[in-house]
Amino acid sequence: MTDPTQALSFGAAAAEYDRFRPRYPEEALRWALDRLATPARVVDLGAGTGILTRGVLALGHQVVPVEPDPGMRAQLAAATPGTTALAGSAEAVPLPDGTADAVLVGQAYHWFDREPAHAEIARVLRPGGTFAPIWNVRDERVAWVAELTRIAHLGDNAGDVTEKYADFGAAFTPVELGEFAHTTTLTPDEVVGMLHTRSYWLTATPAEQERIDRELRGLFATHSDLAGRATVELPYRTLVLRSRRR
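Residues numbered from 1 in each chain as written. Predicted model: local features only at pLDDT ≥ 70, side-chain atom pairs only at ≥ 80, totals over all residues. Heavy atoms only, no water.

When you look at the packing of helix H7 (residues 143-152) against helix H11 (residues 206-222) in this model, what are you seeing that I'm missing?
Think of two packed helices as two axes; the pair is described by the angle between the axes and how far apart they sit. Viewed as axis vectors pointing N to C, H7 and H11 meet at an angle of 165 degrees, and their least axial separation amounts to 9 Å. Classed by the angle they form, the pair H7 and H11 counts as roughly antiparallel. Here H7 runs over H11; the crossing is right-handed. Touching Trp-144, Glu-147, Leu-148, Arg-150, Ile-151 and Ala-152 of H7 are Arg-211, Ile-212, Glu-215, Leu-216, Leu-219 and Phe-220, all from H11. Residues that form the contact of H7 with H11 fall into these classes: 8 nonpolar, no polar and 4 charged. (Axes fitted to C-alpha atoms, helices over the stretch in contact; angles between N-to-C directions. Helix = DSSP H or I, 4+ residues; strand = E, 2+ residues; numbered from the N terminus. Parallel < 35°, antiparallel > 145°, perpendicular 65-115°, else oblique. Left-handed = near helix turned anticlockwise from the far one by under 90°. Contact = heavy atoms within 4.5 Å. Nonpolar A, V, L, I, M, F, W, Y, C, P; charged D, E, K, R; others polar.)

Explain the nonpolar core to me, please; I cannot follow it from the model alone.
Among soluble globular proteins, nonpolar side chains are generally buried collectively. Core analysis: the biggest nonpolar cluster contains 27 residues, and Val-43, Leu-45, Val-103, Tyr-109, Phe-112 and Phe-131 have the highest contact counts within it. Setting aside its immediate chain neighbours within four residues, Val-103 contacts Val-43, Leu-45, Ile-121, Leu-125, Thr-130, Phe-131 and Ala-132. Residues Ala-14, Ala-32, Met-72 and Phe-180 belong to the second largest nonpolar core, which totals 22 residues. (Core = buried A, V, L, I, M, F, W, Y, C linked by side-chain atoms within 4.5 Å. Buried < 20%, exposed > 50% of the residue type's maximum accessible area, 1.4 Å probe, protein only.)

Is there a simple way to think about the packing of aromatic side chains in this case?
The way to describe two aromatic rings as a pair is by their centre distance and the angle between their planes. Taken as a whole and judged by the stated rule, the model has 11 aromatic pairs. With a centroid separation of 5.3 Å and 90 degrees between ring planes, the pair formed by Tyr-109 and Tyr-165 is classed as edge-to-face. Here the residue Tyr-109 occupies a position in the loop between strand S4 (100-106) and helix H6 (114-124), and Tyr-165 occupies one in the loop between helix H8 (158-164) and strand S6 (176-186), the gap between them amounting to 56 residues. An identical accessibility class is assigned to Tyr-109 and Tyr-165; each is buried. (Phe/Tyr/Trp six-rings, centres within 6.5 Å; stacked < 30°, edge-to-face > 60°.)

Got a minute to help me understand helix H5 (residues 70-79) in this structure?
What H5 keeps buried is the set Met-72, Gln-75 and Leu-76. Within H5, the buried residues cover an arc of 105 degrees as seen down the axis, which keeps them to one side. In H5, the exposed positions that point more than 90 degrees away from the buried face belong to Pro-70 and Ala-78. Measuring from the side-chain oxygen of the N-cap residue of H5 to the backbone nitrogen of Gly-71 gives 2.8 Å; that N-cap residue is Asp-69. (Arc of directions from axis to C-beta. Polar contact = N/O pair within 3.5 Å; in protein donor to acceptor, adjacent residues only side chain to side chain.)

How do you make sense of the sheet that holds strand S1 (residues 41-45) when you look at a structure like this?
Pairing between sheet strands relies on hydrogen bonds along the backbone, with the strands arranged either parallel or antiparallel. Pairing in this open sheet of 7 strands is mixed, and the strands run S3-S2-S1-S4-S5-S7-S6 from one edge to the other. Whereas interior strands pair on both sides, the edge strands pair on one side only; in this sheet they are strand S3 (86-87) and S6. The strands that H7 touches are strand S5 (125-138) and strand S7 (232-244); relative to S7, the one it contacts most, it runs at about 75 degrees. (Pairing = 2+ DSSP bridges.)

Sorry, what's going on with the pattern of salt bridges here?
Proximity of charged atoms lets side chains of opposite charge pair with each other. For the coordinates displayed, the defined rule picks out 19 salt bridges. In this structure, Glu-27 engages Arg-35 in a salt bridge whose closest nitrogen and oxygen atoms are separated by 2.3 Å. Take Glu-27: its relative accessible area is 39%, and that puts it in the partly exposed class. One salt bridge connects Arg-41 with Asp-101, and the closest N-O pair in it is separated by 3.3 Å. One end of the pair, Arg-41, is in strand S1; the other, Asp-101, is in strand S4, and 60 residues separate them in sequence. (Salt bridge = Lys/Arg side-chain N within 4 Å of Asp/Glu carboxyl O.)

Written out as structure tokens, the structure is:
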């Protein structure tokens, strides 16, 4: 886990996280699952508030969410009737050996301590089972989105994902990359609200939070692609890294 303080900062903003964070395109989820026949047994590792869990449930699969943050688990339960997340982490998955057809990770793999996490994921998966971390990454090829990233200190980008996480270790087959484009429609206030669920903002000083908010509102007021608009289209690239347990 890269930074425990940031990694466990989201529970304080769980409701807003669930409201504002983007969903995952259906086609990305189907590709991540290697088009498994339903109902497959899927573990959502680092499940957060259940955004990925609900997407996989909608495809007809069985889902076991695993999440370390109690605030996020509570929001998942509230937003996902009939589903309760298990308390656990990528490094200590509370499930028996070989019980999963697939392990998915939505927006959380970069927090893992990778070597012990890979061992745990391999243990939980059946041979030939699928492991697929997924990220919704803002499309910074759009000029105002790149400026948004700069203002809010948003560290994730497509290069980070595809360059840093291209190998899951000896227990897994070579990684395949899938990319899927989509957009979300938000008001400027909703974009600010979404950025308030990011780890950098949540752990920043009050002065730094105020600075980010001020510059964000300035961006929406002055940028030629945004000024005067009631809503904006925030473009994303959904990146999926897919492998199989040997």
